[in-house]
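# Coordinate inspection notes
Given next are the chains, with one letter for each unit.
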Amino acid sequence: DLQLRGFLYLRQEPAQGLAWLDHLVIAGPFRRQGRGVALLEEGRRWSRSRDLRAIIAPVQTRNYPALRFIQKQGFRYSGYSDHYFPRDVAVFFQSEL
């Protein structure tokens with residue numbers, strides 16, 4: 001039985017030395033089992049292998065579970081934008097590599 005349990009999408013901005021965490025999604029039945037942590041750690045390895053210096057994670061203010069998760073993973077607040085998402089404020093978090 002092949003079933004997608006989650007995915008991570010990072011894009012690199014080599015000129016800035018950054019990776020942007022655009023998506024980290026875990027299917028409902030598979031949440032709170034360490035899968036998000038494992039995917040994020042793989043994203044950190046991938047970013048380091050490309051000599052990037054940090055990962056930036058934009059999070060919608062209404063997505064409280066994502067805000068908690070990203071902070072628990074050591075990301076620190078680095079700014080906000082009220083124009084990044086169509087109908088919500090983006091809060092940016094950064095994790096140095």
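To keep things clear, this report deals only with the structure shown in the data block. (Residues numbered from 1 in each chain as written. Predicted model: local features only at pLDDT ≥ 70, side-chain atom pairs only at ≥ 80, totals over all residues. Heavy atoms only, no water.)

## Topic: the sheet that holds strand β2 (residues 18-26)
By definition, the strands of a sheet pair up through backbone hydrogen bonds, in either a parallel or an antiparallel sense. Put simply, the test is: Two strands are counted as paired when DSSP detects at least two bridges linking them. Going along the chain from the N terminus, every DSSP run of H or I of four or more residues is numbered as a helix, and every run of E of two or more is numbered as a strand. Axis definition: a line fit to C-alpha positions, over the contact stretch in the case of helices; interaxial angles, taken between N-to-C directions, run 0 to 180 degrees. Any two residues whose heavy atoms approach within 4.5 Å are treated as being in contact.
Judged by pairing direction, the sheet is mixed, and its five strands sit side by side in the order β1-β2-β3-β5-β4 without closing on themselves. Each edge of the sheet is formed by a strand with only one pairing partner; in this case those strands are β1 (6-13) and β4 (76-85). This sheet shows a mean twist of 30° between the axes of neighbouring strands, independent of strand direction. Judged from the eight bridges that link them, β1 and β2 form a sheet pairing that is antiparallel. When the bridges of β2 are listed, arginine 11 appears paired with tryptophan 20. Contacts from helix α1 (residues 35-49) reach β1, β2, β3 (54-60) and β5 (88-96) within the one sheet, and its direction differs from that of β1 by about 25°. The strands touched by helix α2 (residues 64-72) are β2, β3, β4 and β5; relative to β3, the strand with the most contacts, the crossing angle is about 160°.

## Thoughts on α1
Basically, it comes down to this: The span you would expect from a helix comes to 1.5 Å times its residue count less one. Buried, partly exposed and exposed residues are distinguished by accessible area as a fraction of the type maximum, computed with a 1.4 Å probe on protein chains only: under 20%, between the cut-offs, and over 50%, respectively. Note that the arc is defined by the directions from the helix axis to the C-beta atoms.
A rise of 1.5 Å per residue sets the reference length of α1, with its 15 residues, at 21 Å; its end C-alpha atoms lie 21 Å apart and thus fit the reference within 8%. For α1, the full list of buried residues reads Gly36, Leu40, Gly43, Arg44 and Ser47. Projected down its long axis, α1 shows its buried positions confined to an angular sector of 105°, all on one face. Elements that come into contact with the buried residues of α1 comprise β1, β2, β3, α2 and β5. Just downstream of α1 lies aspartate 51, where phi reads positive at about 60°.

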